[in-house]
Amino acid sequence: MYRKFYYVIALLLILPAGLFSQNSIGSELKAHVVALTADSLLGRGAGTRGEKEAGTYIEKAFTQAGLTLLYPVPGQDFSFVSDTGDTMHSNNIVGIVEGYDKDLKNEYILIGAHYDHLGYTRMNINGKDSLQIFSGADDNASGVAVMLELAKMVKAQAFKFRRSVLFVAFGAEERGMLGSWYFVNRGFSPSDKISLMINLDMIGHGQTGDNVSAYTITPHVELTTLLKDVADMPLMLSPKIHSTNYFPSDHQIFVAKGIPSALITTGLHRDYHTSRDIASDLDYTSMEMIANYSLNLAMEAANMSRPLSRTAFAAKDTTVQSVSKPAALQNDTKIYASTEVERSALFLHGGEQQFLDRWVYKYLKFPQSAIDEGIQGRVIVEFVIEKNGEVSNVTVVKSLDDRLDDEAVKVVAASPKWRAATIGGSPVRVKMAVPVEFRLKRQ
């Protein structure tokens, strides 16, 4: 009896955030989608009255959830020129849940979803005028609905988030991601303090969680590890993770600025950008699962000891000496990112995976005490390859357990020499990171 009681308590302690803290949100998700796809909104075309009414609905939902609106009604206003030459206005609706850590609350995790769609067209059928409305249930009332419920969930658990969480409903995405471009480049000055952008776009066809993907556009060790770690949590969906892009959406604007981003989506389908994309066809069960996954992803990123590393597209340091003068690099003490060098550092004629397969996993020992306690997961280890190929500055970027951290550092630090990275034919110091897996075998 006591053993069973303690087992239940232990299970409750390790279950992911939100699993028992929220009632089923399926009905709320559907209510949001139905409201955003109402015929009266005429397809939420960018710059139209329908888009504005959808924005008002989102503002009200943010306020009811207890979020602070960062911009006065009707939101962060921007303008664009329509196909007819008219100047039209759209808005980003921005709410925030402030983090509890006084040192980290001025860094941000951003959860975003665009709320505009294609609008409508007039048709003449048998001599009668009629409207064809592109209601955009999956694209992207589905993403907005999940974002609105996430806002409630994060606010209710704000005491668990060290960094602040931004919720942004982007306008005019269908016009070329205008809302997200304005937000990053003009509207939100501390955009360089965004550690992670989570983009929810077209998430309504998940097949009960089996058809969910996460796209990072470029390889990113820390973000990929984070996505996998959340998937490993109990009773969590496991999205397919891709280090490529899928379709144009707001996350691209953030990645181009060096901000790590993940597009969460259930993908394109035959009803995409047609009038058949309606609320009754969405899978609200998988949308609820995506909400729970996204909550835990945001929480993990918000509580990391340091922000995620910038992407390969981050602005380069303009003070670095020109690579057209390789001789000047001989005394250069700068540590380059692996994306900045002309030829990557090599381990036995391969890269990071070769290093893991041929060295790390060959000599890595799983501490018995950690095995006995059932501890498993990933440690991210960062290190520098010096100009002479030696490994130095070995540190843990993402910790798992002191025993496993120490073992990972010990093996990486004992690495044989690499072939140094080069710029202009001259060796340079380069920083690298690898995820070290500790996995228990199933009996």
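Here the structure is a predicted model, which means the values were calculated and not measured.

### Here we look at the overall build of the protein
Inference 1: Within the protein one finds eleven helices and 16 strands.
Inference 2: Against the globule reference of 22 Å for 443 residues, the protein gives a C-alpha radius of gyration of 24 Å, in line with a compact fold.
Inference 3: A principal-axis box enclosing the C-alpha atoms of the protein has dimensions of 80 × 75 × 45 Å.
Inference 4: Buried positions account for 51% of the 443 residues belonging to the protein.
Inference 5: A separation threshold of at least 6 residues defines the contact pool for the protein, and within that pool the share at least 24 residues apart is 81%.
Inference 6: As presented, the protein carries roughly 20,700 Å² of accessible surface, and 52% of it is formed by carbon and sulfur atoms.
Inference 7: Within the protein, one finds 45 positive and 49 negative side-chain charges whose respective centroids are separated by 5 Å.

### Here's the deal with the packing of helix 6 (residues 221-231) against helix 8 (residues 284-302)
Inference 1: It is at 10 Å that the axes of helix 6 and helix 8 come closest, and there the two elements cross at 130°. Overall, the two elements helix 6 and helix 8 adopt an arrangement that is oblique. Relative to helix 8, helix 6 is oriented so that their crossing is right-handed. Here helix 6 contributes Leu-226, Leu-227, Val-230 and Ala-231 to the contact with helix 8, which in turn contributes Tyr-293, Asn-296, Leu-297, Glu-300 and Ala-301.
Inference 2: Split by residue class, the contact of helix 6 with helix 8 holds seven nonpolar, one polar and one charged.

### Overview of the pairing of strand 13 (residues 377-385)
Inference 1: Among the nine residues in strand 13, nine count as buried, and that is most of the element.
Inference 2: Pairing between strand 13 and strand 14 (residues 391-398): five bridges, direction antiparallel. Bridging from a neighbouring strand, Glu-382 pairs with Thr-395 of strand 14.
Inference 3: Here strand 13 hands over to strand 14 after five residues, with Gly-389 in that stretch at a positive phi of 90°.

### Observations concerning the layout of surface pockets
Inference 1: By volume, the largest pocket is sized at about 1,100 Å³.
Inference 2: Elements represented by at least two residues in the lining of the largest pocket include exactly helix 6, strand 10 (240-242), helix 9 (352-363), strand 13 and strand 16 (426-438).
Inference 3: Among the elements that line the lining of the largest pocket, the one with the most residues is strand 16, at six residues.
Inference 4: Residues of the lining of the largest pocket, tallied by class, amount to 14 nonpolar, eleven polar and 13 charged.

### Points about the side chain of Ser-294
Inference 1: Within the secondary structure, Ser-294 is located in helix 8.
Inference 2: Every residue in contact with Ser-294, bar those within four places of it in the chain, is listed here: Leu-150, Ile-198 and Leu-200.

### Thoughts on the packing of helix 3 (residues 49-65) against helix 4 (residues 137-156)
How two helices sit against one another is set out by the angle between their axes and by the gap between those axes.
Inference 1: Helix 4 packs onto helix 3 with a crossing angle of 20° between their chain directions and a minimal axis gap of 9 Å. Taken together, the axes of helix 3 and helix 4 are roughly parallel relative to one another. When the axes of helix 3 and helix 4 are compared, the crossing they make is right-handed. On helix 4, the residues touching Tyr-57, Ile-58, Ala-61, Phe-62 and Ala-65 of helix 3 are Val-144, Met-147, Leu-148, Ala-151, Lys-152 and Lys-155.
Inference 2: Looking at the contact of helix 3 with helix 4 residue by residue, the classes come out as nine nonpolar, no polar and two charged.

### Looking at the pattern of salt bridges
Inference 1: All chains considered together, the criterion is met by 21 salt bridges.
Inference 2: Across the pair Arg-378 and Asp-229 runs a salt bridge whose closest N-O atoms are separated by 2.7 Å. Residue Arg-378 is located in strand 13, and its partner Asp-229 is located in helix 6; the two are separated by 149 residues in the primary sequence.
Inference 3: Exposure remark for Arg-378: the relative accessible area of 7% places this residue in the buried category.
Inference 4: On the basis of relative accessibility, which here comes to 13%, the residue Asp-229 falls in the buried class.
Inference 5: When the shortest N-O distance is used, the salt bridge between Glu-437 and Arg-439 registers 3.0 Å.
Inference 6: Where salt bridges share partners, they join Asp-229, Asp-232, Arg-378, Lys-398, Glu-437 and Arg-439 into one cluster.

### Section: a nonpolar patch on the surface
Inference 1: On the surface, Tyr-246, Leu-268 and Tyr-272 cluster together into a nonpolar patch covering about 250 Å² of accessible area.
Inference 2: Its location among the elements puts Leu-268 in the loop between strand 11 (261-265) and helix 8.
Inference 3: Looking at Leu-268, the relative accessible area reads 39%, which means it is partly exposed.

### Regarding helix 3
Inference 1: The end-to-end C-alpha distance of helix 3 is 24 Å, a good match for the 24 Å that 17 residues give at a rise of 1.5 Å each.
Inference 2: Every buried residue of helix 3 is listed here: Gly-50, Glu-51, Ala-54, Gly-55, Ile-58, Glu-59, Ala-61, Phe-62 and Ala-65.
Inference 3: The secondary structure elements touched by the buried residues of helix 3 are helix 2 (26-36), strand 1 (68-69), strand 3 (87-97), helix 4 and strand 7 (164-170).
Inference 4: Residue Gly-66 follows helix 3 closely and has a positive phi angle near 95°.

Procedures and definitions
- Residues numbered from 1 in each chain as written.
- Predicted model: local features only at pLDDT ≥ 70, side-chain atom pairs only at ≥ 80, totals over all residues.
- Heavy atoms only, no water.
- Helix = DSSP H or I, 4+ residues; strand = E, 2+ residues; numbered from the N terminus.
- Rg over C-alpha atoms; globule rule 2.2 N^0.38 Å.
- Buried < 20%, exposed > 50% of the residue type's maximum accessible area, 1.4 Å probe, protein only.
- Contact = heavy atoms within 4.5 Å.
- Areas by Shrake-Rupley, 256 points an atom, 1.4 Å probe, with all protein chains shown as cover.
- Lys, Arg positive; Asp, Glu negative; His and termini not counted.
- Charge placed at Lys NZ, Arg CZ, Asp CG, Glu CD.
- Axes fitted to C-alpha atoms, helices over the stretch in contact; angles between N-to-C directions.
- Parallel < 35°, antiparallel > 145°, perpendicular 65-115°, else oblique.
- Left-handed = near helix turned anticlockwise from the far one by under 90°.
- Nonpolar A, V, L, I, M, F, W, Y, C, P; charged D, E, K, R; others polar.
- Pairing = 2+ DSSP bridges.
- 1 Å grid on protein atoms, 1.4 Å probe; cavity = no way out; pocket = protein on both sides within 12 Å on 5 of 7 lines; lining within 4 Å.
- Points joined across faces, edges and corners; volume = space filled by probe spheres on them.
- Salt bridge = Lys/Arg side-chain N within 4 Å of Asp/Glu carboxyl O.
- Patch = residues over 30% accessible without salt bridge, like charges linked within 9 Å, V, L, I, M, F, W, Y side chains within 5 Å.
- Expected span 1.5 Å × (residues − 1).

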